[in-house]
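Structural features, examined
One-letter residues, chain by chain:
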Amino acid sequence: TVKRNNPKPGSRSSGDLQTSRSRKPGDKHDGRNASVIAQYWKSLQHLRSLPWFTPSVVPIDLFFFRRIFSRLYSQHGDQGEVPVSVFQRSVVRLFRLMKMDRQADDFSADEYDVDGSGAVGWYEFVTVWRKADVSVKLSLPERFFVLMEEPTSSFAGVVVSAALNFLIFGSCVGFMIGTMPDMK
């Protein structure tokens, strides 16, 4: 006897493929097509909102602050908090590195110690990130690096990434064609 495998729920059989070709507009599967089209349109709208070239000022993301907090906590932390003095020194250093001297001079870590415990937790780091609007000023070579490393940072990055992918694909196709006996 021949044992047939039952298809998994949601998988398509060859019968499904044949009937999907003969479906008429208005069938229940038009919703899938509309969803795909809507997602494509959304991605095109996102491309329109990108700057033409990588911006010269880029805000620092919250993940960077989380890494700073984690490192300070592993070295100086206790019960989910780091001492205010360590917090003060770290944030002032960060501001000075980012050439935010005015914020570095005005920064007082004591105002972030809400409960007066002499230590600050992750919430206080998030508050500094929100208030300070910490950002990096990029030089021209750094902007080119970001363009190549993070294509979604600008429209030019998306275009360069697409062109490079097209060239790689073309090279692979050319290599495969070159191995065919008729092309030697």
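The rules behind the values
What you see as residue numbers is a count from 1 along each chain, following the sequence as written. Per-residue local features are limited, in this predicted model, to residues with pLDDT of at least 70; the limit for side-chain atom pairs, both in listing and counting, is 80 or more; totals at the level of whole chains, interfaces and linings are taken over all residues. Here the side-chain values reflect all heavy atoms present in the structure, with hydrogen atoms and water set aside. Under the scheme used here, helices are H or I runs from DSSP no shorter than 4 residues and strands are E runs no shorter than 2 residues, and both carry numbers assigned from the N terminus. The buried label applies to any residue whose accessible area, calculated with a 1.4 Å probe on protein chains only, is under 20% of its type's maximum; exposed applies above 50%, and partly exposed to all values in between. Should any heavy atoms of two residues lie within 4.5 Å, those residues are considered in contact. Residue-level accessible areas treat just the shown protein chains as cover; the underlying method is Shrake-Rupley with a 1.4 Å probe. By this rule the span expected of a helix is its residue count minus one, scaled by 1.5 Å. One confidence number per residue, pLDDT, is output by the predictor and ranges from 0 to 100. Ring pairs shown here join Phe, Tyr and Trp side chains whose ring centres sit within 6.5 Å, with only the six-membered ring taken for Trp; geometry is labelled stacked below 30 degrees between planes, edge-to-face above 60, and tilted in between.

1. Overview of the overall build of the chain
Summing up its helical and strand segments, the chain has eight helices and four strands in all. Burial statistics for the chain: of 184 residues in total, 22% are counted as buried. By sequence separation, contacts in the chain at least 24 residues apart represent 65% of the contacts at least 6 residues apart. Looking at the chain as shown, the accessible area adds up to about 14100 Å², and 59% of this sits on carbon and sulfur atoms.

2. What about the environment of Asp78?
With respect to the helices and strands, the residue Asp78 is situated in the loop between helix H3 (62-76) and strand E2 (82-83). Counting along the chain gives 43 residues from Asp78 to Gly121, while the straight-line C-alpha distance between them is 9.7 Å.

3. Comments concerning helix H4 (residues 84-97)
With 14 residues, H4 ought to run about 20 Å at 1.5 Å a step, and its terminal C-alpha atoms sit 20 Å apart, in line with that. The set of residues buried in H4 consists of Val84, Val86, Phe87, Ser90, Val91, Val92, Leu94 and Phe95. Looking at the buried side of H4, the elements it contacts are H3, E2, helix H5 (101-106), strand E3 (119-120) and helix H6 (122-132). With its phi angle positive at about 60°, Lys99 sits one or two positions after the end of H4.

4. Details of the confidence of the model for the chain
When pLDDT is averaged across the chain, the result is 79; 79% of the residues are at 70 or more. Note that pLDDT drops below 50 for residues 14-20; the model gives that stretch three contacts with residues more than four away or on any other chain.

5. A word on the packing of aromatic side chains
Applying the stated criterion across every chain yields a total of eleven aromatic pairs. Note on Phe69 and Tyr73: the rings are 6.2 Å apart at their centroids and 15° apart in plane angle, and the pair reads as stacked. Of this pair, Phe69 and Tyr73 are both found in helix H3, four residues apart, which corresponds to roughly one turn of the helix. The buried category is assigned to Phe69, whose relative accessible area is 5%. Consider the rings of Phe87 and Phe107, whose centres lie 5.8 Å apart with planes at 65°: the pair is edge-to-face. You can see Phe87 sitting in helix H4 and its partner Phe107 sitting in the loop between H5 and E3, a full 20 residues away along the chain.

6. Details of the side chain of Ser154
Position of Ser154 among the secondary structure elements: in the loop between helix H7 (140-149) and helix H8 (155-178). Every residue in contact with Ser154, bar those within four places of it in the chain, is listed here: Leu50, Pro51, Trp52, Phe53, Thr54 and Leu147.

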